[in-house]
Amino acid sequence: MCLYVDAPRQRSGASFSGLAPPATPRKEQEFCLMAVPGKAAAFRLPPLPTVGEIIKLFRLKAQKQLSQNFLLDLRLTDKIVRQAGELKNAHVCEVGPGPGGITRSILSAGVEQLLLIEKDARFIPGLQMLSKAAPGKVRIVHGDILTYKMDKAFPKHLKKNWEDEPPDIHIIGNLPFSVSTPLIIKWLENVSKKDGPFIYGRTQMTLTFQKEVAERLIANPGAKQRSRLSVMAQHLCTVENCFIIPGQAFVPKPDVDVAVVHFTPLVQPKIEQPFELVEKVVRSAFQFRRKYCFRGIETLFPESGRLKRTEQLMMTANVDPTLRPFQLSMSQFRNLCNTYRKMCDEDPSLFVYNHREELKQKKAVRNSVQSTSQPEETEETEEKNQL
């Protein structure tokens, strides 16, 4: 299959896929993409338009409300794909391919199958061009990754036992900033429950994040960046910060730099408790990150008997209550979770207790009292005014 792409004046090294040819090209250059059985389609990219020409000719302007930032440099997209490991004959899911820069690098790596999940319909025609250029290798889904069911995304024969080496399945994506944190939390829950994309085994992920978020993901105890995200990610996965991409490499340029992070699920989680319980304990601990950790931990308990139960939890878990949340080690969080689990087994109402709901109810009662007393005061005032 032969595609025609305009070849204007521009330095090489940038990649932009999913483009239809301009209506009146100055000069056309032909390149053919032939699918060879058992091998990846060979991509020979011609010189591509500048970013300004791309936006003008193809009207693919990044939408700020979707946190879209395009990576057009093939050298960087190739570098991201290399961090995923050996992809020859692998099955890959790319999240938010957009214009298809990383998509081309994935196909060039020799993958067996590539699943593309794209929410923005504007990019679908361009991705279909790549699909036609690599027959039988690309499947496109127009949908939201946060709601897409990935437990049936790959062939059943790829499944491996959790204790085995990771399956030949990879998730790769240049994630929009607005979706990156909720998405990784969702996938960490999937890791814990061994469902979703992890029903096939310890599926590896190579994803982009804001540099600050990446620093939280890898932060060690005592580091200022240590957070709930650090504990939740590290107790379930090996997390590696691969490299930093400067903001100016993206179009449009974001206000922050971007980091590429690689995740490999652990055979054995560091805290062997249900995801919801671990998340509740860790979230409570970091609720007041600059104060002593017992201030956050005490929000696990109802107001009645709160101090006594907090002391019981901290003493049994052997955790110094005057440590800051970011100073707590993984083993200390494990002790807190295990002890809290025993307390919940003894009193099941503990686990369903929600500190914020209790505060909301108190506030509602106060507002109700104020609203019922206000009309009486108003009527009395009016009566005095009339007299």
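Residues numbered from 1 in each chain as written. Predicted model: local features only at pLDDT ≥ 70, side-chain atom pairs only at ≥ 80, totals over all residues. Heavy atoms only, no water.

Trainee: Explain the overall build of the protein chain here, please?
Mentor: Helix and strand counts for the protein chain come out as 13 helices and 11 strands. The burial tally for the protein chain puts 47% of its 387 residues in the buried class. Summarising the internal contacts of the protein chain: among those between residues at least 6 apart in sequence, 70% fall at separations of at least 24. Element-wise, carbon and sulfur atoms account for 50% of the exposed surface of the protein chain, whose accessible area totals about 20,000 Å². (Helix = DSSP H or I, 4+ residues; strand = E, 2+ residues; numbered from the N terminus. Buried < 20%, exposed > 50% of the residue type's maximum accessible area, 1.4 Å probe, protein only. Contact = heavy atoms within 4.5 Å. Areas by Shrake-Rupley, 256 points an atom, 1.4 Å probe, with all protein chains shown as cover.)

Trainee: Help me understand the pairing of strand S6 (residues 138–142), please; the structure alone is not making it clear to me.
Mentor: Remark: a regular strand shows side chains that alternate across the two faces of the sheet. Here strand S5 (residues 113–118) runs beside S6; their pairing, made up of five bridges, is parallel. Bridging across to S6, Glu118 finds its partner in His142. Handedness of the β-α-β unit built from S5, helix H4 (residues 124–133) and S6 comes out right-handed. (Pairing = 2+ DSSP bridges. Right-handed = clockwise from strand over helix to strand, strands pointing away.)

Trainee: Please explain the environment of Gly143 as it appears in this structure.
Mentor: Structurally, the position occupied by Gly143 is in the loop between S6 and strand S7 (169–173). By relative accessible area, which is 21% here, Gly143 ends up partly exposed. Put simply, Gly143 and Lys119 are 24 residues apart on the chain and 4.7 Å apart in space, counted from C-alpha to C-alpha. Setting aside its immediate chain neighbours within four residues, Gly143 contacts Ile117, Glu118 and Lys119.

Trainee: How do you make sense of the sheet that holds strand S9 (residues 237–245) when you look at a structure like this?
Mentor: Across a sheet, paired strands are connected by hydrogen bonds in the backbone, their directions being either parallel or antiparallel. Pairing in this open sheet of seven strands is mixed, and the strands run S6-S5-S4-S7-S8-S11-S9 from one edge to the other. Each having just a single partner strand, S6 and S9 make up the two edges of the open sheet. Averaged over all pairs of adjacent strands, the angle between strand axes in this sheet comes to 20 degrees, irrespective of strand direction. Relative to strand S11 (residues 258–265), strand S8 (residues 204–210) runs antiparallel, the two sharing six bridges. Its bridge partner being in S11, Phe209 is matched across the sheet by Ala259. Helix H2 (residues 74–83) contacts S7, S8, S9 and S11 of the sheet and is inclined by roughly 165 degrees relative to S9. This element, helix H5 (residues 177–193), spans strand S4 (91–95), S7, S8, S9 and S11 of the sheet and lies at about 150 degrees to S8. (Axes fitted to C-alpha atoms, helices over the stretch in contact; angles between N-to-C directions.)

Bear in mind that shape data such as this cannot, by itself, settle questions of function.
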